[in-house]
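# Inside the fold
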Amino acid sequence: MPTPAIPADLSAWCIENDQRALDELFAFLRIPSVSARTEHAADCAAAAQFVADALARIGFAATIEPTPGHPIVVGEWRQAGPQAPTLLIYGHYDVQPAEPLELWTSPAFEPTIRDGKLYARGSVDDKGQLYLHIKALEAHLAVRGTLPVNVIVLAEGEEEVGSVNLEHFLEREHARLACDAVVISDSTMFAPGIPSILSSLRGMAYLEINVRGANGDLHSGMYGGAVVNPAMALARILATMHDAEGRIAIPGFYDAVRPFPDHVRAQMRELPFSDATLRHEVGVTALGGEPGYTTLERLWTRPTCEVNGLLSGYTGEGAKTVLPAVSMAKVSFRLVPDQEPDAIATLVQAHVERVAPPGVTVHVTHLHGGKPWRADLQGPIIDAGKVALEAAFGREPVITGEGGSIPVVGDFERILGAPVLLMGFGLPGENAHAPDEWISVENYTLGIRAAAVLYEEYGRRALLSPH
Ligand code: BES
Ligand code: ZN
């Protein structure tokens, strides 16, 4: 088969409008829409408004739907007619906190391009990847006055805090959100120049563990050795979560794990991957994880238990001899099919209560969860994605897995009954969730082209063979 190409009219429009597409993204990135922080609620509302305005300007009917948390933006364009398929494009306008601010080379909310990389919090995760779709929709509407499919754009503001209100919204609005397929650009490519389609995401159970000892902080000389120390108790509790080899030692934790099929693991082993490169990228002298699996298998196919935050006692300058009254850990579990977030949270809670030493009380809170997901990678949306990525990047995409989570993906399939295509434009080392987050400027512009071709290819294929 000849290499697919970007249609000339769309390509010409993209070339003419790349700079404006970047300028508009800069404006979006200047809004500090940090969903985790209540003091940024107004910024989240402003980012929602920004998305709604951008959609309205290109001819979409856009509404901002309030939720108990941050609002959801729904944009609709349905003039392709009832016989044409409907594509739902999902993304998120919220971002992770930018701290530690002093580690950014340029300020997190002042977008800056250096060496072909656009640095800003949210540049790749996910404002850039959401906005490139809006520009691709604009390309069709500007050049041809129409779109090859009906389109719903759904942009939420709580993805980075677990999408807690989205599932309910999907259930309530399922008739309005009915669609034939979903596309999400909120992930990374395997390597520069190698476009990728994701075949799996891990799920998540996020817990907070609070340990309380005495009524208040105590003099560690007057009481230490006789009163149980909550910081030490918490360290002991956390240490029971893995065995000495690196397996998770919480009873029942692996019971629901359904192994990845051999052909998927074989596909993963074919991808060019080097442990040494990863070590170098993150700056460690050795990698570690569950025995019996390659690094990619550990990242993509196996569940984990990680401490995300730890707090107790005196952490200021110098020394203070204190026996802390409390300690706290944020612990998250990445899950794989068919582990259930609630069931895992219940198991962990029971385990923590069982191993907690006498003399302290423990309290476990389940903050949020998300189901793992595995694609069957068939049907017109996947075929269209392959063609679109090849047209934009000049080579066929590879199929990859992913260690991160997008909690709503399983809900789309379950509630809307629509298959999901995950076609991301991030790159390894992009510093998502960390200082100096960036998106490759080239990938942003190629992403616009890939998305524009996707709509066209999907429209054609879905008409020929619906579902
Ligand atoms: N875009 C990421 C998920 C992701 C990361 C997909 C890397 C593919 C590659 C997303 O915004 C994210 O960070 N999700 C959170 C979800 C969590 C809060 C439930 C995550 O994975 O930590
Ligand atoms: Zn994201």
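Residues numbered from 1 in each chain as written. Chains lettered and ligands numbered in written order. Predicted model: local features only at pLDDT ≥ 70, side-chain atom pairs only at ≥ 80, totals over all residues. Heavy atoms only, no water.

The local shell around ligand 1 holds 14 residues, among which D125, E159, D186, R334 and H433 are the closest. Here H92 contributes a side-chain N or O atom positioned 3.1 Å from an oxygen atom of ligand 1. The side chain of R334 places a nitrogen or oxygen atom 2.8 Å from an oxygen atom of ligand 1. Its free accessible area being 510 Å², ligand 1 has 89% of it covered by the protein chains. Residues that form the shell around ligand 1 fall into these classes: 2 nonpolar, 6 polar and 6 charged. (Near = heavy atom within 4 Å. Polar contact = N/O pair within 3.5 Å; in protein donor to acceptor, adjacent residues only side chain to side chain. Areas by Shrake-Rupley, 256 points an atom, 1.4 Å probe, with all protein chains shown as cover. Nonpolar A, V, L, I, M, F, W, Y, C, P; charged D, E, K, R; others polar.)

On to the pattern of salt bridges. Scanning all chains against the criterion turns up 27 salt bridges. Among the salt bridges present, the one from K135 reaches E138, with a minimum N-O distance of 2.5 Å. In this pair, K135 and E138 are both assigned in helix α3 (residues 123-144), 3 residues apart and thus about one turn of the helix distant. Residue K135 shares its accessibility class with E138, and that shared class is buried. (Salt bridge = Lys/Arg side-chain N within 4 Å of Asp/Glu carboxyl O. Helix = DSSP H or I, 4+ residues; strand = E, 2+ residues; numbered from the N terminus. Buried < 20%, exposed > 50% of the residue type's maximum accessible area, 1.4 Å probe, protein only.)

Further remarks concern the coordination of the zinc ion (ligand 2). Every protein donor of the zinc ion (ligand 2) is accounted for by H92 (NE2), D125 (OD), D186 (OD) and D186 (OD), and the metal-donor separations fall at 1.8 to 2.6 Å. Of note is the zinc ion (ligand 2), whose 6 donor atoms meet at the metal with angles of 53 to 162° in an arrangement that counts as irregular. Counting along the primary sequence, the residues that act as donors to the zinc ion (ligand 2) give the motif H-x32-D-x60-D. Linking H92 in strand β3 (residues 86-92) with D186 in the loop between β7 (181-184) and β8 (196-198), this pair joins segments that are 94 residues apart in sequence. We classify D186 as buried; its relative accessible area is 10%. (Donors = N, O, S within 2.8 Å, 3.2 Å for Na, K, Ca; no water. Tetrahedral: all angles 85-135°; square planar, octahedral: opposite > 155°, others 65-115°.)

What follows concerns the environment of Y119. Relative to the assigned elements, Y119 resides in strand β5 (residues 117-119). Judged by relative accessible area, Y119 falls into the buried class, the value being 12%. Residues in contact with Y119, not counting those within four places in the same chain, are S106, E110, P111, T112, R114, D436, E437 and W438. (Contact = heavy atoms within 4.5 Å.)

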